[in-house]
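Here is what each chain is made of, one letter per residue.
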Amino acid sequence: MNDKCASTFTGLEPLHLLRILQACWTKREIHELPEEARRGFASLADPLEGLLVMLENCNDWKKGKKQSLAHYLIDQFNSWMKENASVQQPCQKQNLQQTKVFALLTVVPTNVLDPLVSLFEVDKADTSSLVSLIQDLCIKSKYKEAVVLSIKLNLPSHLNIEEMCIPLLLQDDMSLVEAYVDDYPELQCRLLQALDSLCNPIDNTRSIQRHDGKLSRLRCDKLNYKVLSKLVFRLMERYGLGTELCPNVVNQHCLASIKYLLHKHFVEKTITEENWAEHIEGLVGQNTWLQIQFIGLLGKYTDLDTVAHWALRLNVPQEKLTHPVAKWLKQLEKDKGYRTGLEKSFKVQSLEEKEKKRNFYQLPIPTESIHIVEHLEQLTSCASRVLQAGSVVGIDMEWRPTFTAWTKARVSILQIALKDRVYLLDLPQLVKESESPGRELEFAQFIQSLFSNRTITKLGYALAGDLRSLCTSYPVLKDVAQITAGMLDLLNMQKELLRAPVHRPDYREAVDVLASVENGLDSGCRQREKGLSLLVQYVLGKPLDKTEQLSNWERRPLRLKQIIYAAADAYCLLDLYEALHQEMEHFRLSHSPENRLKSKVEKKRKENKPKQSRSCANTPSQDTQPALEQIPPSSPVSPTDFKVICDNMLQGLGRYLRCVGVDVKILANEDDHRMAAEIAREENRVILTCGLPFQTLRSQVQEGRCLSVNCSDKAKNQAIHVLKHFNVQVTPRDIFSRCQLCNGSEYLKLSVEEMAQAVKLNTAAGKTEPSDTPSTESVKFPSQGKHKVLPQIDPGWPGICSYSPNCHWAEKSGLNMKTLKFTSGASLQVSTIPPGILDKVTRFYCCTTCGKVFWEGSHFRRVLSQFQEVLRITNDSTYLQK
């Protein structure tokens, strides 16, 4: 029925009604709108068609505001229809109405899709028409609306998963993608396969070409392996899917692990040939693609003879090999040289063994004193010696390394070292036997007695991480970490040694020098020592031989080298304890290890005594963990003493933390996540990460030294969370005390006259003219745009009258005014100073590390406002510049 007929029948046209309601809306006569709308709806011959006509002619709903007239009409019409159910009848022109409704759905905002679908019963239309509607939305690049509407209409199984979800992934709308496939197991598999295909460079290029024109406004840079693999592993874990659905991701992940192992073996030389070969064979397997990639990479590290031997060992098809390798392989087969190559390898290994005995820490007890405990009957004898009051034992744990994100490691060996013997507990076998009827508690009771007995001193190194791994590996031991007592973590003593001046070669020199061996095979090749090996080198004179660390600790029986390595790793803790106790003054320690443990236990007992009566039964007493040095919330930390390493996913967070004076290192985009753990251990930093890497990284550092932040939060909120979590006390003096670009903490002050001279020299030398871009263009906050450099003090903050941050001030001699270079080698970046700024400021601040130039601006007040939740301003927090 057309508008003219409707007017004759009712006396009121939809457009006339719309003009009446628009007049009330414009005049803000809101109180009259409900009555006018209801009376108008009742006057329409076909209310649904009338509403459709009005919505087609509404201009304000496109803004997507709920306060618009279009939203108000829909809400009022819904209420009126509920009160007048008898008038709910379909339009006489179904096809015409459906066409109009579909056209309307392609242009309306997302928040009105649901009520329109219900009002016009869109879900009852035929499937082919609805699919065409969704495709029209995709053509118009309204991907979010297309997905929301397809979920509402139960259409996901009828649509192309790649066409629907890839654009949303590029828009970082992963939650909507998951909602799209949550109820469709088949779609979950297809989505995983679609993402995996993008990890193939050829398929990735084809996909971009196929979407060319449609994805022009989206971030196609996200179509890279690093981002896509994280999504794949997340979906695999969420939906419990297998790796067979994503061969490309698996291949790329295994290839990255192969590169890591090649570096460990040939560059760092921290893994034996036998262990390295076993891991390589486990990763490569029968995968021809990985075999070819491995053979190609191996040629960059070793000679052609070794490459050919590995090609033969892996049965790589000769037609897949390069011509030089294939030719050499044929010669080997002809000369039967494979055995000769192996004999040569054994001779080299024999030489290495002799060098190790001379250059590395050696277990001081015979191998006959190492006892492997693999049965519960043997555990009884072990307990009678270990569980003695007043004894001191060294504790360490070993597990098979995992090089894939879809496998989880479990603790395989628990080492317990006494002065005259070492016990190696075969945990998988003991746990299996303890599952027998009547023997369920034997093993768990021994472990709990050992770790909870405060009369037994348990020595360890970063023991909190080991305990956490032990608890997660075996449910029967899940509460052990909460009942620990008598723990002494030598990692904490290593921190004190780092700060203490000593008479023997300096600890900092040991980091760089002590790892090299003058006449050994590893001279100039081995990486510098770190962790426990560095502490052993510093205190006992020789480092640990860590070449068995990455061996397969699940394989039985253990090899003799593994047994000796495991025993030495635990026994060296006893030697360290004794040496530090006897030579306390020589190492400039404030307390002996024994007194340190006693004082910490007593201090914790006093601190927690009034809290224990109010604590829950499941909450462990704090004095049971005297040596697991987390950063307790009750102990304030200044930004200058707080050091972190940010994963490459949290670069914005890192810049915010630098803004308030925190010492922050940030991984580059191409860096592997595992580097964060290495840097954290070497430099005593806290790891900040998120997502899947957290599970891997936290097991490699001391408890409380790895924090997972919410990836979906803004960088500013992440920074506030981190500062609160570690109780970092930020004062106005800390703000801008570090360069946000390079993390430097030393500035040089230059007067406007000196800076003018530098600009003149720079121009005379024919260098780049001053630009309109501030020097801190690349250092900006997500919510702020360009950073306005150093502060112009806000008079609203009492006592703060001039910029004098808590940083180091360089001498003028640190800058050569002729070459405009600092002693660090950085050039003063005067070309970044905008024209006219010399007439507005009187002083410049130059980072001596990177050469960036800063000056007083208006950003300081904004930072104070952003961090007011954690900012600490007291009477002594003023920083008057003298």
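Our structure's up above, just so we're on the same page.
None of these values were measured; they are calculated from a predicted model.

Taking 1.5 Å of rise per residue, 13 residues should cover 18 Å, and helix α2 (residues 14-26) covers 18 Å from first to last C-alpha, within 8% of that figure. When we look at burial in α2, the residues that qualify are Pro14, Leu17, Leu18, Leu21, Cys24 and Trp25. Buried positions in α2, seen along its axis, are confined to an arc of 125° and lie on one side of it.

One pass over the structure, following the stated rule, counts 31 salt bridges. Between glutamate 578 and lysine 419 there is a salt bridge, with its nearest N and O atoms 2.9 Å apart. With a gap of 159 residues between them, glutamate 578 in helix α28 (residues 560-582) and lysine 419 in the loop between β3 (411-417) and β4 (422-426) connect regions that are remote in the sequence. Look at glutamate 578 and you get partly exposed, because its relative accessible area is 34%.

With that out of the way, let us pick up the pairing of β4. On any regular strand, side chains alternate: one points to one face of the sheet, the next to the other face. β4 sits mainly inside the fold: five of its five residues count as buried. Burial along β4 is two-sided: Val422, Leu424 and Asp426 facing one way and Tyr423 and Leu425 facing the other are all buried. Direction of pairing for strand β1 (residues 370-373) relative to β4: parallel, over a ladder of four bridges. For isoleucine 372, the partnering residue across the bridge sits in β4 and is leucine 424. Two elements, β3 and β4, share five bridges in a ladder whose sense is antiparallel.

Among the nonpolar cores identified, the biggest contains 108 residues, and Leu105, Trp276 and Phe294 are the most heavily contacted of them. When residues of this core are assigned to their parent elements, the largest contribution, eight residues, is made by helix α5 (residues 69-83). Residues within four places of leucine 105 in sequence aside, it is in contact with Leu113, Leu116, Val122, Leu133, Leu137 and Leu149. Ranked by size, the runner-up nonpolar core spans 40 residues in total, among them Val422, Ala462, Ala570 and Leu573.

Across all of its chains, the model carries 15 aromatic pairs by this definition. Where tyrosine 747 meets tryptophan 809, the ring centres are 6.2 Å apart and the plane angle is 45°; that geometry is what we call tilted. Note that tyrosine 747 is positioned in strand β11 (residues 746-751) and tryptophan 809 in strand β13 (residues 808-809), a separation of 62 residues in sequence. Owing to a relative accessible area of 29%, tryptophan 809 belongs among the partly exposed residues under this scheme. An aromatic cluster of at least three residues, connected via ring pairs, comprises Phe266, Trp276, Phe294, Tyr301 and Trp310. We note arginine 313 situated over the ring of tryptophan 310; from NZ or CZ to the ring centre the distance is 4.5 Å. The ring of tyrosine 260 has arginine 674 sitting right over it, with the charged end atom 4.3 Å from the ring centre.

Reading guide: rules and limits
Residues numbered from 1 in each chain as written. Predicted model: local features only at pLDDT ≥ 70, side-chain atom pairs only at ≥ 80, totals over all residues. Heavy atoms only, no water. Helix = DSSP H or I, 4+ residues; strand = E, 2+ residues; numbered from the N terminus. Expected span 1.5 Å × (residues − 1). Buried < 20%, exposed > 50% of the residue type's maximum accessible area, 1.4 Å probe, protein only. Arc of directions from axis to C-beta. Salt bridge = Lys/Arg side-chain N within 4 Å of Asp/Glu carboxyl O. Pairing = 2+ DSSP bridges. Core = buried A, V, L, I, M, F, W, Y, C linked by side-chain atoms within 4.5 Å. Contact = heavy atoms within 4.5 Å. Phe/Tyr/Trp six-rings, centres within 6.5 Å; stacked < 30°, edge-to-face > 60°. Lys NZ or Arg CZ within 6 Å of the ring centre and 35° of its normal.

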